[in-house]
Amino acid sequence: MIMIKEVLLRTMAEAKKTTTVAAKTSKRKALIGKKSQKTKVKLTKTDAVVEVKAAVETEVQELVVTSRHKRMAEKAKVRAALPKAEIADVGKVRITDVSGVVYDEDEYNAMVEMYDATIRDIREGEIVSGTILGVTRDDVIVDVGFKSEGIIPIQEFTGVDEIKVGDAIEVFLEQIEDSHGQLILSKQKADFMRVWDQIREFHDSGEKVEGSVVRRIKGGLVVDVMGVDAFLPGSQVALRQVPDFDALINQTMELKIIKINKARRNIVVSRRMVLEAERESMRDELLADIAVEQVRKGIVKNITDFGVFIDLGGVDGLLHITDMSWGRIRHPSEMVTLGEEIDIKILDIDEKTSRISLGLKQMTPYPWEDIETKYPIGDKIVGRVVSITDYGSFIELEKGIEGLIHISEMSWTQHIKHPSKIMSVNDNVEAVVLSVDKDNEKISLGIKQMEPDPWQTIDAKYPIEKIISGKVRNLTAFGAFVELEEGIDGLVHISDMSWTKRIQHPSEVMKKNDTVEVKVIKVDHDNRRISLGLKQLSEDPWAEIAEKYAIGTECLGTITKVMDRGVIVDLDGTVEGFVPTAQLGKKGLSDASTAFKAGEELHLHVIEFDRKQHKVVLSVEAYYKTREQSELDEYLSQHESSEVPSAMADAMPDALKEAAANADETPAPAKKAKVEEAPAEEAKADEAPEAKADDADDAAKSE
């Protein structure tokens, strides 16, 4: 056809050219032609087209007669020349190829079959067979009988080392041709499609299926189930949390298929469901067979601060830390390890909650049996310090038996603030058994009993009235502690520091670390106390004072201290006296500090003297009753009160004011009860011996 078209176009071009040339003949040539005798035929446009068509038809006919037609024509002539009988014997036409080679029917059929074998009828979405042609680092090249090979990522093969060239393989045809003209194949999809029916049956029936852990991924594990990958979530791996997933790789385990999705080729499996079913079965068998006091084997499943959970074979039991050892342990991990198999004793079974209490120490004999015979009172022992508290130290005598050394049993004389000052954990100490309590599992020990009690011979060393020298170790509000020897102190009470002065604090007389001489005035063996005195070093001056300051005696005193209820005065530097506010000679005075100050001298009159209580009560008012009014006025002018009268006093009627003034002028003996009230308060320092002992006891505890 191409040749016919070319001939047609060429002929039409020549005809057009001839017509154009004839049309453009000039008039001059036309005139010359007319004059010529020769006759010329002028070609018209219609005639040219007819000639072109005829030429084309002739050339097309020549092209149709090919070499094949010539051969056929020649063969036809040969057959025509043959006799008719021979022509009738020809049953079929011989097959020839384009080169003239003749084939018989068997050869032709064999050739067609061989050709069909090279071109397969494959469709997308089907599983096809192929042969591995090559293996690269990232891909596997597979021939499936198509015009091009397919490439499969090597990640889809589980055993990369087992891939060999020439191996037959089944793959899934995803796409016949991609943008690069290659087949898109998948081995994983083929594996999935091949076993899908079986997976669905296992899922619907709930039967167990075996799987092998391939690798770890985020959230769980990838498991090979019947040649396809399935997902095992971390929460479905075991009954409890698995600390290391990598340890499960390459392990084979029984699983249950809990979720499938064909479109997404998603398979989710669970090992926990299998274990729970097995555990439930074992639990029923165990509960039917287990009994209290029974000894069974168990595996340490979990260790906590309060105990250990033991797997008895389907049922967990609790081994509390108190039932692990007769002795003291700080943590269960000191005795057992995770995964260890141990013999355990059943202590209790709660049928309602199915809780089982276990015991380990019950596997050994009770160590407190015949404890009185093993550790009699007064016996000396050697033990190891296992614990130290604020109140004492615990000593391990043997495994499961401990004794307590109380802090009070650590020294005869020293005031130990904490046991750690004299011993540490793991120290070996010697002690004496003081008491044994089998019922409460208690043994009292003492280390001070290892030495003689110094208080047994204290009378001989420190007899009453003995004058000794000691160091002031501590000062308190009620007295001073004086160290007589190492560990033995005596108390100098504040009331035993001076015969005449009222000591407010021991620091007025002595200081810490001072060396002082004192006299022993009392020894208390039961309470282990020694009372000392400082004033007892001199004679009691109150016999002379009683004569010098008898009731009615007038004297001169200097104010040493001013209080709201009165003033304290010094009488000739030997004794102190007290002047109540009401006896200061100023009417309506409620606070002495508003009118008087330390260092002032006052004329006084003794109105009360108590030798036993060492009290001298004086009065300014009684002194001026026997003096001129001018002297009293001068005294009052020197001691003007700074008190502001209250509104109530200003509003008081005149009759009441006069009655109050008359009451203030009552003679001193009539006010005796009121006068005695104030000195009684000043006598608080002169406490009874019982009060001194209590103060000493409190101080000893504080030490």
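It should be noted that the structure appears before, not after, this text.
Residue numbers run consecutively from 1 along every chain, following the written order of its sequence. Note on the predicted model: pLDDT of at least 70 is required for a residue's local features to be given, and 80 or more for side-chain atom pairs to be given and counted; whole-chain, interface and lining totals, by contrast, use all residues. The side-chain figures draw on all heavy atoms in the structure; neither hydrogens nor water molecules are used.

Engineer: Describe in detail the packing of aromatic side chains, supporting the description with residues and values.
Structural biologist: Only the six-membered ring of Trp is used, alongside the rings of Phe and Tyr, when aromatic pairs are assigned; centres must lie within 6.5 Å, and planes under 30 degrees apart are stacked while those over 60 apart are edge-to-face, with the rest tilted. Tallying each qualifying case throughout the model produces six aromatic pairs. A ring pair is formed by Tyr623 and Tyr624, whose centres lie 5.1 Å apart and whose planes are at 90°; its orientation type is edge-to-face. Every member of this aromatic cluster is reached through a ring pair, and the members are Phe596, Tyr623, Tyr624 and Tyr635. Over the ring of Tyr623 we find Arg627; its NZ or CZ atom is 4.1 Å from the centre of that ring. In this scheme, Lys NZ or Arg CZ marks a charge over a ring once it lies within 6 Å of the ring centre and within 35 degrees of the ring normal.

Engineer: Account for unusual backbone geometry, with residues named and values stated.
Structural biologist: Even without glycine at this site, Asp370 takes up a positive phi of about 60°. The secondary structure listing takes helices from DSSP runs of H or I that are at least 4 residues long and strands from runs of E that are at least 2 residues long, numbered from the N terminus. Take Asp370: it is sitting in the loop between strand 17 (355-359) and helix 9 (371-374). For every residue, the accessible area obtained with a 1.4 Å probe (protein chains only) is divided by the maximum for its type, and the residue is called buried under 20%, exposed over 50%, and partly exposed between those limits. The exposure class of Asp370 is partly exposed, given its relative accessible area of 47%. One non-glycine residue, Arg528, adopts positive backbone phi at about 55°. Along the chain, Arg528 falls in the loop between strand 26 (515-524) and strand 27 (529-533). Arg528 sits in the partly exposed class, given a relative accessible area of 32%.

Engineer: I'd like to hear about the sheet that holds strand 22 (residues 442-446), residue by residue, with values.
Structural biologist: At least two bridges found by DSSP between two strands are what make those strands a pair. Taken in spatial order, the five strands close into a barrel running 18-19-20-22-21, and their pairing is mixed. The mean angle between the axes of side-by-side strands here comes to 50°, regardless of whether they run parallel or antiparallel. Relative to strand 22, strand 20 (residues 401-406) is paired through two bridges, and the arrangement is parallel. Along strand 22, the bridge assignment pairs Leu404 with Ser444. Every axis in this analysis is a line fitted to C-alpha atoms, fitted for helices over the stretch in contact. Angles between the N-to-C directions lie between 0 and 180 degrees.

Engineer: Let's hear about the nonpolar core: which residues, and what values?
Structural biologist: If you look at the biggest cluster of nonpolar residues, it comprises 27 residues, and the most contacted ones within it are Val567, Leu571, Leu584, Phe596, Leu602, Leu604 and Leu618. The set of elements that each furnish at least two residues to this core consists of helix 11 (542-548), strand 28 (554-563), strand 29 (566-571), strand 30 (575-580), strand 31 (601-610), strand 32 (615-619), helix 12 (620-624) and helix 13 (629-638). The dominant element in this core, judged by the number of residues it contributes, is strand 31, at four residues. When sequence neighbours within four positions are dropped, the list of residues in contact with Leu602 reads Cys555, Leu556, Gly557, Ile559, Val567, Leu584, Phe596, Val620, Tyr635 and His639. In these notes, a set of buried Ala, Val, Leu, Ile, Met, Phe, Trp, Tyr and Cys residues joined through side-chain atoms within 4.5 Å is what counts as a nonpolar core. Residue contacts are defined here by distance: any two heavy atoms, one from each residue, within 4.5 Å place the two residues in contact.

Engineer: I'd like a rundown of the pairing of strand 17, residues and numbers included.
Structural biologist: Along a regular strand, successive side chains alternate from one face of the sheet to the other. Looking at chain direction, strand 15 (residues 316-320) and strand 17 are connected through two bridges and run parallel. Paired with Leu318 across the bridge in strand 17 is Ser357. Two strands pair when backbone bridges link them, and strand 16 (residues 341-350) and strand 17 are joined in this way by five bridges, in the antiparallel orientation. By the bridge assignment, Asp350 is partnered in strand 17 with Arg355. The loop that links strand 16 with its antiparallel partner strand 17 comprises four residues; one of these, Ser354, has a positive phi angle of about 60°.

Engineer: Describe the pairing of strand 31, listing the residues and the values that go with them.
Structural biologist: Of the strand pairs in this sheet, strand 28 and strand 31 are connected by five bridges, and their pairing is antiparallel. Within strand 31, the position partnered with Gly557 by the bridge is Leu602. Across five bridges, strand 31 lies against strand 32 in antiparallel orientation. Note on strand 32: the bridge partner recorded for Asp610 is Lys615. Turn length for the strand 31-strand 32 hairpin, with the two strands adjacent in sequence and antiparallel, is four residues, and the turn residue His614 shows positive phi of about 55°.

Engineer: Please set out the environment of Arg529 residue by residue, giving values where relevant.
Structural biologist: Topologically, Arg529 is positioned in strand 27. Given the relative accessible area of 16%, Arg529 is considered buried. Separated by 41 residues in sequence, Arg529 and Ile488 place their C-alpha atoms 8.9 Å apart.

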